[in-house]
Amino acid sequence: GLNGHRHYMHKEIFEQPQAVVDTLEGRIANQEVLVDSFGASAAQVFERISQVQIIACGTSYHAGLVAKYWFEDILRLPCQVEVASEYRYRNPVIANNTLVVTISQSGETADTLAALKQIQALKDSRTELFIPTLTICNVPESSLIRASDLTFLTHAGPEIGVASTKAFTTQLVALALLLVAIGKTQKCLTAHREGLIVKGLIKLPGLISDCLAHEADIKLLAQSFADKHHAIFLGRGTMYPIAMEGALKLKEISYIHAEAYPAGELKHGPLALIDETMPVIAIAPHDELIEKLKSNLQEVSARGGQMIVFEDERSGVSSESNFNVIKATTNVGRITAPITFNIALQLLSYHVALIKGTDVDQPRNLAKSVTVE
Ligand code: M6R
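Not measured: the values here are computed from a predicted model.

Draft legend 1. Layout of the side chain of His10. Within the secondary structure, His10 sits in helix H1 (residues 8-14). Exposure remark for His10: the relative accessible area of 13% places this residue in the buried category. If sequence neighbours within four positions are ignored, His10 has contacts with His5, Glu215 and Tyr350.

Draft legend 2. Focus on the site of the ligand. Within the structure, the ligand sits among 15 residues, and Ser60, Ser104, Gln105, Thr109 and Glu252 are positioned closest to it. Take Ser60: an N or O atom from its side chain is 2.6 Å from an oxygen atom of the ligand. The separation between an oxygen atom of the ligand and a polar side-chain atom of Thr109 is 2.4 Å. The fraction of the free accessible surface of the ligand (410 Å²) that becomes covered by protein chains is 91%. Taken atom by atom, the bulk of the ligand overlaps the largest pocket. Only helix H4 (58-75) and helix H11 (239-254) provide two or more residues apiece to the shell around the ligand.

Draft legend 3. Here's a closer look at empty space enclosed by the protein. Within the structure shown, the criterion is met by one cavity of 30 Å³ or more. Along its surface, the largest cavity is lined by Arg236, Met239, Ile283, Ala284, Pro285, Asp287, Leu289, Ile290 and Leu293. Only strand E10 (279-284) and helix H12 (290-302) provide two or more residues apiece to the lining of the largest cavity. Residues that form the lining of the largest cavity fall into these classes: seven nonpolar, no polar and two charged.

Draft legend 4. Representation of the pattern of salt bridges. This model, assessed by the stated rule, comprises 19 salt bridges. In this structure, Glu15 and Lys11 form a salt bridge, with 3.1 Å as the shortest nitrogen-oxygen distance. Residue Glu15 is classed as partly exposed on the basis of its relative accessible area, which comes to 24%. Lys294 is paired through a salt bridge with Glu320; the nearest N and O atoms lie 3.1 Å apart. You can see Lys294 sitting in helix H12 and its partner Glu320 sitting in helix H13 (residues 317-320), a full 26 residues away along the chain. Among the residues examined, Lys294 registers a relative accessible area of 11% and is labelled buried. Residue classification places Glu320 among the exposed positions, given a relative accessible area of 51%. Residues joined in a network through salt bridges with shared partners are Lys11, Glu15 and Lys166.

Conventions adopted
Residues numbered from 1 in each chain as written. Predicted model: local features only at pLDDT ≥ 70, side-chain atom pairs only at ≥ 80, totals over all residues. Heavy atoms only, no water. Helix = DSSP H or I, 4+ residues; strand = E, 2+ residues; numbered from the N terminus. Buried < 20%, exposed > 50% of the residue type's maximum accessible area, 1.4 Å probe, protein only. Contact = heavy atoms within 4.5 Å. Near = heavy atom within 4 Å. Polar contact = N/O pair within 3.5 Å; in protein donor to acceptor, adjacent residues only side chain to side chain. Areas by Shrake-Rupley, 256 points an atom, 1.4 Å probe, with all protein chains shown as cover. 1 Å grid on protein atoms, 1.4 Å probe; cavity = no way out; pocket = protein on both sides within 12 Å on 5 of 7 lines; lining within 4 Å. Sits in = over half its atoms within 2 Å of the grid points. Points joined across faces, edges and corners; volume = space filled by probe spheres on them. Nonpolar A, V, L, I, M, F, W, Y, C, P; charged D, E, K, R; others polar. Salt bridge = Lys/Arg side-chain N within 4 Å of Asp/Glu carboxyl O.

No statement about biological role is implied by the geometric values presented.
Below, the structure is given as structure tokens:
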């Protein structure tokens, strides 16, 4: 049941601290990631790979995009990410020693499954190739799980709302664990760095709860949205895919047209859209790109754009501007920040949809599991 919540989406948003705890359970011990969480042969596989190809759709694709920033930055491991419906039809080149990672809440998404089967067929016909496959999925015994060499189950629990929330969060946790597991087998991640990442993951449920505590402020913000027809989401680095995810959630459940841009791309076109009727949502963690982002935000506000900024304790946007700012988190960890900021965007979409009176859990035209092409 709904357990006192008005919608499954709301319930699932608030289940996220527990979903993270459950996904970490049995996968870490003494500040270490247990490599065989990905399967008994995971260490042998991870040792040999020299790049990663992630394939997914929708929100699961966005999780993959965040992971690309992590893998390349922290491990210096090449990582490509592609939506399954493009990947499978474009005759892609796949290098030997590539780990193929499919990500899916349901494990039944037709395009993702077809892409994986296509890779399996290639492996069957060219047995000299080493192209191991791994599925990160929320449903045991699903088609994707059955078709993969290695598997990792996110323990988010059943996700009923069509809009994916807790599955996404636990996919990111899984990808962070994968990063450490590959890093330590390839000896390109020190035990110290591993310890820091694991500590961050252990803190994550608390960070998410702190963000959820801002619901009342976010609900207030949502009021300035309900009569809008468009919105722009901005971010840099990992916050760019988080902006994409925020825009997808808003479109999906509130039917407001939303686009995400990497903030540095603004002046290459989208700045022309900005006027007083355009809400611009920026995700502004205190990282090495914050000063550049702040100047992007000034450009938007100079053109009358209505700024809404999610920042952390040290970003300093609120003290330097009169924008609408929500301090969504105290945290700036490389791994935990995108996961935490996303929670604030989930709440924003939810409350906009609530005001608009749309069918939050079952948006028009959409299905929970896209099993047809
Ligand atoms: O079950 P999957 O993760 O494979 O589903 C992929 C997409 O259909 C899904 O994430 C979709 O984009 C969600 N409705 C977004 O909230």
